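Breakdown of the fold
Now for the letters of each chain:
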Protein chains: 2
Amino acid sequence: MMKLYNFHASSTSYRTRIVLNLKGLSYEYVRVAINKGEHLLDAYGEINPMRGVPTLEIDGVRLYQSSAIIEYLEEVYPDPPLLPKDPAARARVRALAAIVGSDMHPVNNLRIRNFLRDTYKQDANSVGAWMQLWNKAGFDAIEAMLRADKNRRGFCYGASPTIADAYLVSQVFSAIRFKTDMSPYPEILAVAETCEALKPFADAHPSKQPDAAA
Amino acid sequence: MMKLYNFHASSTSYRTRIVLNLKGLSYEYVRVAINKGEHLLDAYGEINPMRGVPTLEIDGVRLYQSSAIIEYLEEVYPDPPLLPKDPAARARVRALAAIVGSDMHPVNNLRIRNFLRDTYKQDANSVGAWMQLWNKAGFDAIEAMLRADKNRRGFCYGASPTIADAYLVSQVFSAIRFKTDMSPYPEILAVAETCEALKPFADAHPSKQPDAAA
């Protein structure tokens, strides 16, 4: 069975769980307590050289980086497809995902928040303002792209979930957790609501994971 | 003809130019002077809602986010392939690319450097220390992955260029520009040297672009 090294509230973990669930794949949940720095220990460095979550282990082979893991799952388990067929449409879905995966999440993740607090001596309000600023830039772009696409039916693209929805739902969770004002983003909130009503998304939610109680 | 909206010294632009050149594709070079804030103007916002570079325009369709553009080019122009065939190998190449594309570049790019300088009042040395810290974390992981792969022949994976090389070469350029100590990374430097000797990489170099003199 696959093993997913991950943490309930990590949005890269969350998006990967959504994709695994959408593909109907079961996996062993291996908790990495990043809130306690477990990912920084040498033991985890042996598993994942970047010391990030998630890591997906399949038959002893370890896959790193949620974007690479998600593309792997799409290639090896093509049903149901989470990318459209047309190359330009695939690029659009991947661009929506990459706005989250490259422009939003990395600048707001745990190591950055800790650095702002510990080295730049920023208080919680200031760290919050940092996060909200980059979330706004990304959500502004995604909202505009969703608004411009008249062929959407509930999701980020088309009429069924794609990888973009997995990225967006996990980022909305994180943004709300860190008090980002979501009122300017009705299209994004509608997508999140549509997705969260589906079992593969609901089951992947941070609050439903075995390490959530801690 | 394709149009690439880009900037010579932008590493996301540079990696995309490398891939276009490796595929033997010609394109019109459209300069976006991000050093003068041209990407933030509404005129560019109409072209790219995230206001980032690069944008690739093909037959009037605009593609955003270098990672999505590069996957598009690989799908539509499969020769020469820049990803291996085996899914786990593809995931490894994509993970190497994603360490650069998600963990290194986004936290060190122009908007972040400007924010550290203008809002947190960090001087050039402090901004440099920030960049070097995240570069180190990423390069440490990539160096370990390259060292662990005994089947490599000169490149990040296998015996010919992959997308990982396009990401790595552009990040090494950026890291050296911002005075990152590269001495701990002999494997990475050897890959960069191998690649830079090839015309598709050399022609994509920031110093060779039409806007480089400015």
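Quick caveat: nothing in here was measured; it's all calculated off a predicted structure. (Residues numbered from 1 in each chain as written. Chains lettered and ligands numbered in written order. Predicted model: local features only at pLDDT ≥ 70, side-chain atom pairs only at ≥ 80, totals over all residues.)

1. Here we look at the relation of the copies chain B and chain A
- Between chain B and chain A, which share one sequence, the superposing operator has a rotation angle of 180° and an axial displacement of 0.0 Å; the RMSD is 0.0 Å. The transformation just described matches what one would write down for a two-fold rotation axis.
- Most of the interface of chain B is mirrored in chain A: 100% of its interface residues are interface residues there too. (Least-squares fit on C-alpha atoms with pLDDT ≥ 70 in both. Contact = placed C-beta atoms within 7 Å.)

2. Observations concerning helix H8 (residues 186–196) of chain A
Residue and element names in this part refer to chain A.
- What H8 keeps buried is the set Ile-188, Val-191, Ala-192 and Cys-195. Along the axis of H8, the buried positions cluster into a sector of 100°, meaning they face one direction only. In H8, the exposed residues that point more than 90 degrees away from the buried face are Pro-186 and Glu-193.
- Buried-residue contacts for H8 involve helix H6 (124–148), helix H7 (163–177) and helix H9 (199–204). (Buried ≥ 20, exposed ≤ 12 C-beta atoms within 10 Å, placed from the backbone. Helix = DSSP H or I, 4+ residues; strand = E, 2+ residues; numbered from the N terminus. Arc of directions from axis to C-beta.)

3. What to know about the sheet that holds strand E2 (residues 27–31) of chain A
Residue and element names in this part refer to chain A.
- Taken together, four strands build an open sheet; the order of strands is E2-E1-E3-E4 and the sheet is mixed. A strand with exactly one partner marks an edge of an open sheet, and here the two such strands are E2 and strand E4 (61–64). When strand polarity is set aside, the average angle formed by the axes of neighbouring strands in this sheet is 20°.
- Where strand E1 (residues 2–6) and strand E3 (residues 55–58) come together, three bridges link them in antiparallel fashion. (Pairing = 2+ DSSP bridges. Axes fitted to C-alpha atoms, helices over the stretch in contact; angles between N-to-C directions.)

4. A look at the domain arrangement of chain A
Residues and elements named next belong to chain A.
- By the assigned domains, chain A splits into domain 1 (2–80) and domain 2 (87–200).
- The C-alpha-based centres of domain 1 and domain 2 are spaced at 20 Å.
- Contacts between domain 1 and domain 2 engage 11 residues on the former and 13 residues on the latter.
- Contributing elements (two or more residues each) for the side of domain 1 that touches domain 2: helix H1 (11–22) and helix H3 (66–76). (Domains from an automatic or database assignment.)

5. A closer look at the sheet that holds strand E1 (residues 2–6) of chain B
All names here are of chain B.
- One open sheet holds the four strands; their spatial order is E2-E1-E3-E4, and the pairing between them is mixed. A strand with exactly one partner marks an edge of an open sheet, and here the two such strands are strand E2 (27–31) and strand E4 (61–64). Adjacent strand axes in the sheet meet at a mean angle of 20°, parallel and antiparallel pairs treated alike.

6. Quick word on the pairing of E1 of chain A
Residues and elements named next belong to chain A.
- Relative to E2, E1 is paired through five bridges, and the arrangement is parallel. In the sheet register, Leu-4 faces E2, and the bridge partner there is Tyr-29.
- The β-α-β motif built from E1, the intervening H1 and the parallel element E2 has right-handed crossover chirality. (Right-handed = clockwise from strand over helix to strand, strands pointing away.)

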